[in-house]
Amino acid sequence: DEVWEETKTAMDGFVRHDVLTANTELLTAVEGGDVKGYLKLCSESMLADTNDDAEGDGVADSTSSGERKFHKYETIRATTTGGLRYSNHNAVIDVYDGTEATVSYDRRIETGEGDLVAEYRETRVWSHRSPGWICIHFVRKPITATTATTATT
């Protein structure tokens, strides 16, 4: 039993590293507006259209459901010419059987001048599948009153 626990602890460390790497890649894609990179890291079922996805999102009808989700739920529109700065804090990673994991963190978005744009608690659910770690679910809840939307996909 002791050997198994030590092995499991070591393996969970590798899983945590891989999940955090995938989560970082996904957030980098979001911050850079890299729709293709984002789509590569998300499951098809998470990106599939639901009844409310195409209504009033301001995204052209010719885009895929994944592109619409990216622009509707992930894009923060800057109201400044200085761009946006992103930071993440208070990360918690939970691993389930080595093939499922959640990453939760506080995400702060500021203007280039340092003014708060939005602050969220985000949770991403990851599953290990044939191409690697794939985000299968996403929840965002506002932390402060400065945010107007909550996203769940």
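Engineer: Outline the packing of aromatic side chains, listing residues and values.
Structural biologist: Summed over the entire model, instances satisfying the criterion amount to one aromatic pair. Taking the ring centre of phenylalanine 138 as reference, the NZ or CZ of arginine 124 above it sits at 3.9 Å. One cation-aromatic arrangement involves arginine 140 over tyrosine 120; the distance from NZ or CZ to the ring centre is 4.5 Å.

Engineer: Quick one: what's the story with the side chain of aspartate 106, residue by residue and with numbers?
Structural biologist: Note that aspartate 106 resides in strand β2 (residues 100-111). In this structure the side chain of aspartate 106 is engaged in a polar contact, spanning 2.7 Å, whose partner is the side chain of asparagine 90. Among the polar contacts listed, one links the side chain of aspartate 106 to the side chain of arginine 121, at a separation of 3.0 Å. Sequence-distant contacts of aspartate 106, defined by excluding residues within four places in its chain, comprise Ser87, Asn88, His89, Asn90, Tyr120, Arg121 and Ile143.

Engineer: Hey, could you go over the nonpolar core for me, with residue numbers and the actual values?
Structural biologist: Of all hydrophobic cores here, the largest spans 23 residues; its most connected members are Val19, Leu26, Tyr38, Cys42, Trp126 and Trp133. Looking at this core, the elements with two or more residues in it are α1 (2-32), α2 (35-40), α3 (44-47), β1 (84-96), β2 and β4 (132-142). Of all the elements, α1 adds the most residues to this core, at seven residues. When sequence neighbours within four positions are dropped, the list of residues in contact with valine 19 reads Ala101, Val103, Trp126 and Trp133.

The rules we used
Residues numbered from 1 in each chain as written. Predicted model: local features only at pLDDT ≥ 70, side-chain atom pairs only at ≥ 80, totals over all residues. Heavy atoms only, no water. Phe/Tyr/Trp six-rings, centres within 6.5 Å; stacked < 30°, edge-to-face > 60°. Lys NZ or Arg CZ within 6 Å of the ring centre and 35° of its normal. Helix = DSSP H or I, 4+ residues; strand = E, 2+ residues; numbered from the N terminus. Polar contact = N/O pair within 3.5 Å; in protein donor to acceptor, adjacent residues only side chain to side chain. Contact = heavy atoms within 4.5 Å. Core = buried A, V, L, I, M, F, W, Y, C linked by side-chain atoms within 4.5 Å. Buried < 20%, exposed > 50% of the residue type's maximum accessible area, 1.4 Å probe, protein only.

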